[in-house]
Amino acid sequence: MENLIEVKNLAVSYFTYAGEVHSVRGVTFDIKSGKTTAIVGESGCGKTVTAKSLMGLIHKPGKILEGSQILFEGKDITNLPRKEWNAFRGKECSMIFQDALSSLNPVYTVGNQVVEAICIHQNVEKKEAWQKAVEMLMKVGISEPEKRMRQYPHELFGGMRQRVMIAIALCCKPDLLIADEPTTALDVTVQAQIMDLIQQLKEEENMGVILIKHDMAVVA
């Protein structure tokens with residue numbers, strides 16, 4: 001089985017007024033399609049910075065250092081131009097962020113945000129994109145999806161907002177899904193549901209999954 005993504009000697013630093021801060025040093029791993037790889041570590045150890053590097057989300061004062069390589073299906077994506085990164089995110093690789101409430105835009109409805117993600121990467125009319133969005137919300141276990149599409153993020157409870165984030169991440173069927181602490185601030189029952197959902201969708205779509213957690217019990 002060929003590797004979907006290969007990370008070689010990844011090093012990321014932040015250049016502050018107090019000097020250089022080494023956030024990630026010499027990280028190497030690979031991901032295969034249909035497999036889950038967990039990155040486990042304490043808070044502040046560089047897990048999220050590693051994930052953001054794969055998505056081209058390291059901005060000043062941060063920098064990916066010389067000698068780092070990120071190969072996606074054999075192509076080095078470490079220094080892609082902004083236009084190519086925009087095409088890559090969502091279509092080839094998607095990310096579920098830690099806090100759904102702060103990641104979703106509070107002034108747009110859930111429907112607008114899922115539809116926008118579909119329209120950016122797929123050549124479909126808005127009406128078709130709306131129907132695809134409804135189907136995706138249903139797929140991730142959201143009840144009354146048509147009603148939820150017209151609601152705003154603050155009108156949904158935590159577990160449902162997290163499912164919306166998963167729907168946005170998966171609506172264009174990416175090859176790689178990065179789940180960064182996807183069950184943060186959720187109760188134990190909802191945590192189990194979200195983890196089961198990610199596992200189910202991974203198997204259905206044959207995605208590679210990077211699961212970022214600090215809790216070894218959840219990873220197990």
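Our subject is the structure listed above.
Our subject in this report is the structure included herewith. Quick caveat, the model's predicted, so the values are computed rather than measured.

## Some details on the pattern of salt bridges
Taken as a whole and assessed by the stated rule, the structure comprises eight salt bridges. We note a salt bridge from Glu-205 to Lys-139, for which the minimum N-O separation is 3.0 Å. In this pair, Glu-205 is assigned in helix α8 (residues 188-205) and Lys-139 in helix α5 (residues 126-139), connecting sequence segments 66 residues apart. Overall, Glu-205 belongs to the partly exposed group, its relative accessible area being 28%. Among the ionic contacts, a cluster of salt bridges with common partners joins Lys-139, Glu-204 and Glu-205.

## Some thoughts on the sheet that holds strand β8 (residues 176-180)
If you walk across this open sheet you meet the four strands as β3-β9-β8-β7, and the pairing is parallel. Edge strands, defined here as strands with exactly one partner in the open sheet, are β3 (36-40) and β7 (93-96). Taking the axes of each pair of neighbouring strands and ignoring which way they run, one obtains an average angle of 15° across the sheet. Both β3 and strand β9 (residues 208-213) contribute to a ladder of five bridges, which runs parallel. Considered in β9, the bridge of Ala-38 is made with Leu-211. Along the sheet, helix α1 (residues 47-54) contacts β3, β7, β8 and β9; its crossing angle with β9, the most-contacted strand, is approximately 150°. Against the sheet, helix α7 (residues 158-170) engages β7 and β8, with an angle of about 175° to β7.

## Topic: the packing of aromatic side chains
Within this structure, the stated rule accounts for two aromatic pairs. Ring geometry for Phe-72 against Phe-88: centres 5.1 Å apart, planes inclined by 90°, an arrangement best described as edge-to-face. Within this pair, whereas Phe-72 is found in strand β5 (residues 69-72), its partner Phe-88 is found in helix α2 (residues 82-88), the two being separated by 16 residues in sequence. With respect to class, Phe-72 is no different from Phe-88; both count as buried. Three or more aromatic residues joined by ring pairs make a cluster, and in this case those are Phe-72, Trp-85 and Phe-88.

## Here we look at α5
Relative to the 20 Å expected for 14 residues at 1.5 Å per residue, α5 spans 20 Å between its end C-alpha atoms, a close match to the ideal helical length. Of all the positions in α5, only Ala-129, Ala-133, Val-134, Met-136 and Leu-137 are classed as buried. Down the axis, α5 shows its buried residues gathered within 165° of arc, on one side only. Opposite the buried face of α5, at more than 90 degrees from it, the exposed residues are Lys-127 and Met-138. Elements in contact with the buried residues of α5: α4 (110-121), α6 (145-149) and α7. Count one or two residues on from α5 and you reach Gly-141, which has phi positive near 85°.

## A look at the nonpolar core
Grouped together as the largest cluster of nonpolar side chains are 39 residues, with contacts concentrated most on Ile-96, Leu-137, Val-140, Ile-166, Leu-177 and Ile-198. Top contributing element to this core by residue count: α7, with seven residues. Other than its neighbours up to four places away in sequence, Ile-166 contacts Ile-96, Val-140, Ile-194, Leu-197, Ile-198 and Leu-201. Grouped together as the second largest cluster of nonpolar side chains are 27 residues, Ile-5, Ile-39, Met-55 and Ile-210 included.

## Remarks on the side chain of Ser-53
Here Ser-53 lies in helix α1. Judged by relative accessible area, Ser-53 falls into the buried class, the value being 0%. Excluding its chain neighbours within four sequence positions, the residues that come into contact with Ser-53 are Leu-10, Val-12, Ile-58, Ile-64, Ile-70 and Trp-85.

## Re the packing of α4 against α5
Close contact between α4 and α5 brings their axes to 9 Å; oriented N to C, the two are set at 115°. Classified by the interaxial angle, the pair formed by α4 and α5 is roughly perpendicular. You can see that α4 and α5 cross each other, and the crossing is right-handed. Listed contacts from α5 to Val-110, Gly-111, Val-114, Val-115, Ile-118 and Cys-119 of α4 are Lys-126, Ala-129, Trp-130, Lys-132, Ala-133 and Leu-137. A per-class count over the contact of α4 with α5 returns nine nonpolar, one polar and two charged.

So, how was this worked out
- Residues numbered from 1 in each chain as written.
- Predicted model: local features only at pLDDT ≥ 70, side-chain atom pairs only at ≥ 80, totals over all residues.
- Heavy atoms only, no water.
- Salt bridge = Lys/Arg side-chain N within 4 Å of Asp/Glu carboxyl O.
- Helix = DSSP H or I, 4+ residues; strand = E, 2+ residues; numbered from the N terminus.
- Buried < 20%, exposed > 50% of the residue type's maximum accessible area, 1.4 Å probe, protein only.
- Pairing = 2+ DSSP bridges.
- Axes fitted to C-alpha atoms, helices over the stretch in contact; angles between N-to-C directions.
- Contact = heavy atoms within 4.5 Å.
- Phe/Tyr/Trp six-rings, centres within 6.5 Å; stacked < 30°, edge-to-face > 60°.
- Expected span 1.5 Å × (residues − 1).
- Arc of directions from axis to C-beta.
- Core = buried A, V, L, I, M, F, W, Y, C linked by side-chain atoms within 4.5 Å.
- Parallel < 35°, antiparallel > 145°, perpendicular 65-115°, else oblique.
- Left-handed = near helix turned anticlockwise from the far one by under 90°.
- Nonpolar A, V, L, I, M, F, W, Y, C, P; charged D, E, K, R; others polar.

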